Amino acid sequence: DHLLNALMMTEVPKSTLPAVLLSPLEKCPKSSPLDKEEPLKQYAYARAWTLLMLYGAVFLASAWFVRAQKSWTQKFDRKNNTMCDFALLLTGFPADATNEVEMKKWAQEQLKKSGLDVQVEGVSIGYSYGGKADEVDEMTATYCSHLELTMRKDANLSNPDAEEERIRLGKQMEKDGEKVRSWFDKKEVTCSGQIFLCFQLNTDKDKVMEKYESSTSSLFSYKAKEIEVDVVRSEPSDVFWQNLHTTEEEIRHNERKSLAEVAMWFVGINLLVLVWNTTVVMPYLSAGSNAGGPITIIQGIIMTIINGQLGGKVYGGAYGAGYHRKDRADVWLFLVNFFITFCNTIFNLALMCYSVLVMQKENFFHSPGYLDVFNSATPLGQESEVADKVYLLLVPGQLFTGPVNSLLTGAMLNYLLYNLWAKMIYIWKCLPDPGLQFIKLLLPNAPESLDKYGISNAEKAMRAPQIGLPWDYSALILNPFLVFISMFMISENSFKLCAFLALACIFNYLWSKFMHLRVQSVNFYSTGKLDRVVLLAWGGPLSVLGCCSFVWLIRSGHVLNGSPLVVRWGAVFFLYVFACLVWVVVMLMLHPNKPKKDNIESDTPCTFQECKDNWIFSWFNCNPMYALKCLYVIKYRETVWDHPWASGSEPTEVRFYSPGREYLHLSVKNFKKAMEGDISDALEFETWFEQFSSIFYKWEKDGVNISDMSELKPILGSSSEQPLLSVRSPAGS
């Protein structure tokens, strides 16, 4: 009764609902929640200090992580040798510098004149073949597929279908060989001006670089022209060999063009979303309901397709800009993808706020400003509801369901659908030819005819998606940002949201290991450029937490009390920018851009050949044009070649390094051992799919008609209700 009387005494009774700050057990015959200004101010003050301590703890933990990562990188670099430890980049060569033997001899003579006792292993010429990039990629893929089928045949692991495909690829290689020889004979393939100089010892590169930096004159001169020298931080597998001829001006132009295309798609998509929300979603929200039904499902499907096209534009823009190194493309991917995801998230947050405001119009118009002193319970219901919507968005949505969807939709669904399309077209032929031609549009790498889906085509289509760190990093930055944004609002879910964020960190760590090692295919990130950009971007959500503490300090009335609204908001913005700058300075101090040079004596001694044996790839077998030159020119014409080949374990056998196909660099004997081993893995979903398919394959081989249940009863047992998966094939089938 006392509480009811107190509520009736308030001027705006509805504004106190649904929030009740004081317990109904408290005796308050002459007061209401609106009169409890001091508890509200004290709460805001305590929240400000709590968030400040949380910000300090997270800031220190982040700084420690940056330092630990830098220390681990330096420790790894001291103990391990990679291909970038053996190479220097020389630039300024003319277009006719295309003979590896002559360039190796020239480099050795130049070093000898400089008084350096170092031995050159070879040179990897960056060829200019930009207009032929697609042809070169297809040629190297054809050679790798033909090589694998040939090694299977030599190891007695082939079959009639594989032999037919091997013969077809062999004929294609004959045409490729004629074309490559024509390119070199007509000098259609020239030098891009860049050459990677490789040394026999890992310490030789440092000696040459120290001499170059301390010398007043040029260390290298080719045809009376000075040659510039620079260190190499990328591995040869991360070099975009087809883009080495691209100038920096052309790269900038391609970047602007790609950004314009992505921007047009992004604006167009958001205009469609805006029209949809204005005409459909918002009227439902204003009426206190939610949009639903078939039209919403159709809209979701259409938006999924359009967003997929946008993702393709982002990917194509990164890898079509003409970058010389993969790390720059990865940074471009991360920044653009994060910006798009961030804008979409902000749009969704705005829509959430709108849905709350239209349901509480009276509270909104009678509420004080957000940065006013926190002395009224009126805005609590609004803030709490918005924070709860953020909580429902993240838990289990973006924090847990999102990573799992990458397995379901990004890998498993595509694998199953591609298998289904291939069987419908080439095995079952369950539709007329026009219908099969339409389905063939959904099948990647499908040939023109409907007769046969070749092994090489199927291999390309079923290839697992590569490890995509730029996409993963976007979510890892965005999710904490949303959690810290919710701290601006009062909610009983704040603690739970922080706890779920901590659990999501552990979950992502374990889930990423599973995805990277058992689902996705190998990808190289051999430099720290992407990690540095991500660590710098982490200052954004981290500074939101510090800014949130200052906001609650303003709401407590201890800071800027009575100041104009523009001053308060300006102070908040200034503090956020200042916090970001502080993180950038700390980050650059702990993780400088230029790595610290260690003494040459501290390096673990290693030769070029030993490093190649450890990593398989080298500066020669990663160069696609040089691999084709060795295969179709030097080996074909039996040229005397005093220079390392693009090879694998056998120095005179041509090999091209393709990530994920390292087994092609083995000898035939070791290849057979690798292929005869048990490659099934219970953690890989393909294993279960293939075992399930083998049941039907065995039935078909035994002549069982699956459509006739009378024939299945002896196989399934006396009860036809026995699960199909309980059937086990005999050992070795």
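Each value, and the rule that gives it
Residues numbered from 1 in each chain as written. Predicted model: local features only at pLDDT ≥ 70, side-chain atom pairs only at ≥ 80, totals over all residues. Heavy atoms only, no water. Helix = DSSP H or I, 4+ residues; strand = E, 2+ residues; numbered from the N terminus. Buried < 20%, exposed > 50% of the residue type's maximum accessible area, 1.4 Å probe, protein only. Contact = heavy atoms within 4.5 Å. Areas by Shrake-Rupley, 256 points an atom, 1.4 Å probe, with all protein chains shown as cover. Phe/Tyr/Trp six-rings, centres within 6.5 Å; stacked < 30°, edge-to-face > 60°. Pairing = 2+ DSSP bridges. Axes fitted to C-alpha atoms, helices over the stretch in contact; angles between N-to-C directions. Core = buried A, V, L, I, M, F, W, Y, C linked by side-chain atoms within 4.5 Å. Salt bridge = Lys/Arg side-chain N within 4 Å of Asp/Glu carboxyl O.

**Here we look at the overall build of the chain**
Okay, step 1: Helix and strand counts for the chain stand at 23 helices and five strands.
Okay, step 2: In the chain, buried positions account for 43% of the 733 residues.
Okay, step 3: Across the chain, the fraction of contacts at a sequence separation of at least 24, relative to all contacts at a separation of at least 6, is 78%.
Okay, step 4: With an accessible surface of roughly 39100 Å², the chain has 61% of that area assigned to carbon and sulfur atoms.

**So, the packing of aromatic side chains**
Okay, step 1: Tallying each qualifying case throughout the model produces 36 aromatic pairs.
Okay, step 2: Plain terms: the ring middles of Tyr-43 and Trp-552 are 6.0 Å apart, the flat faces sit at 85 degrees to each other, and that makes the pair edge-to-face. Taken as a pair, Tyr-43 in helix α2 (residues 37-79) and Trp-552 in helix α17 (residues 539-555) lie far apart in primary sequence, 509 residues in all.
Okay, step 3: Given a relative accessible area of 31%, Tyr-43 falls into the partly exposed group.

**Some remarks on the sheet that holds strand β5 (residues 225-231)**
Okay, step 1: Taken in spatial order, the five strands make up an open sheet running β2-β3-β1-β5-β4, and their pairing is antiparallel. What marks the edges here is a single partner per strand, and that holds for β2 (120-128) and β4 (220-222). Taking each pair of neighbouring strands and ignoring which way they run, the sheet shows an average axis angle of 30 degrees.
Okay, step 2: For β4 and β5, the ladder comprises three bridges, and the chain directions are antiparallel.

**Points about the nonpolar core**
Okay, step 1: Counting 73 residues, the largest nonpolar core has Phe-93, Met-103, Trp-106, Val-208, Phe-220 and Trp-619 as its most contacted members.
Okay, step 2: If you tally residues by element for this core, the top one is helix α20 (residues 624-637), at nine residues.
Okay, step 3: Setting aside chain neighbours within four positions, we find Phe-220 in contact with Leu-90, Trp-106, Ala-107, Gln-110, Leu-111, Leu-197, Val-208, Lys-225, Glu-226, Ile-227 and Val-229.
Okay, step 4: Membership of the second largest hydrophobic core comes to 49 residues, among which are Leu-371, Leu-399, Leu-497 and Trp-538.

**Quick notes on the pattern of salt bridges**
Okay, step 1: Scanning the model with the defined rule gives 19 salt bridges in all.
Okay, step 2: We note a salt bridge from Asp-185 to Arg-637, for which the minimum N-O separation is 2.7 Å. Within this pair, whereas Asp-185 is found in helix α5 (residues 160-185), its partner Arg-637 is found in helix α20, the two being separated by 452 residues in sequence.
Okay, step 3: The exposure class assigned to Asp-185 is partly exposed, which follows from its relative accessible area of 47%.
Okay, step 4: Where Arg-661 meets Glu-459, a salt bridge forms, and the shortest distance between an N and an O atom there is 3.4 Å. Of this pair, Arg-661 sits in the loop between α20 and α21 (668-676) while Glu-459 sits in helix α13 (residues 455-461); the two residues are 202 residues apart in sequence, bridging distant segments of the chain.
Okay, step 5: The class for Glu-459 is partly exposed, based on a relative accessible area of 25%.
Okay, step 6: By sharing partners, the salt bridges in this structure join Glu-148, Arg-152, Glu-459 and Arg-661 into a single network.

**Overview of the environment of His-591**
Okay, step 1: Within the element layout of this structure, His-591 appears in the loop between α18 (565-590) and α19 (608-615).
Okay, step 2: When its relative accessible area of 9% is taken as the criterion, His-591 is described as buried.
Okay, step 3: Put simply, His-591 and Arg-67 are 524 residues apart on the chain and 6.7 Å apart in space, counted from C-alpha to C-alpha.

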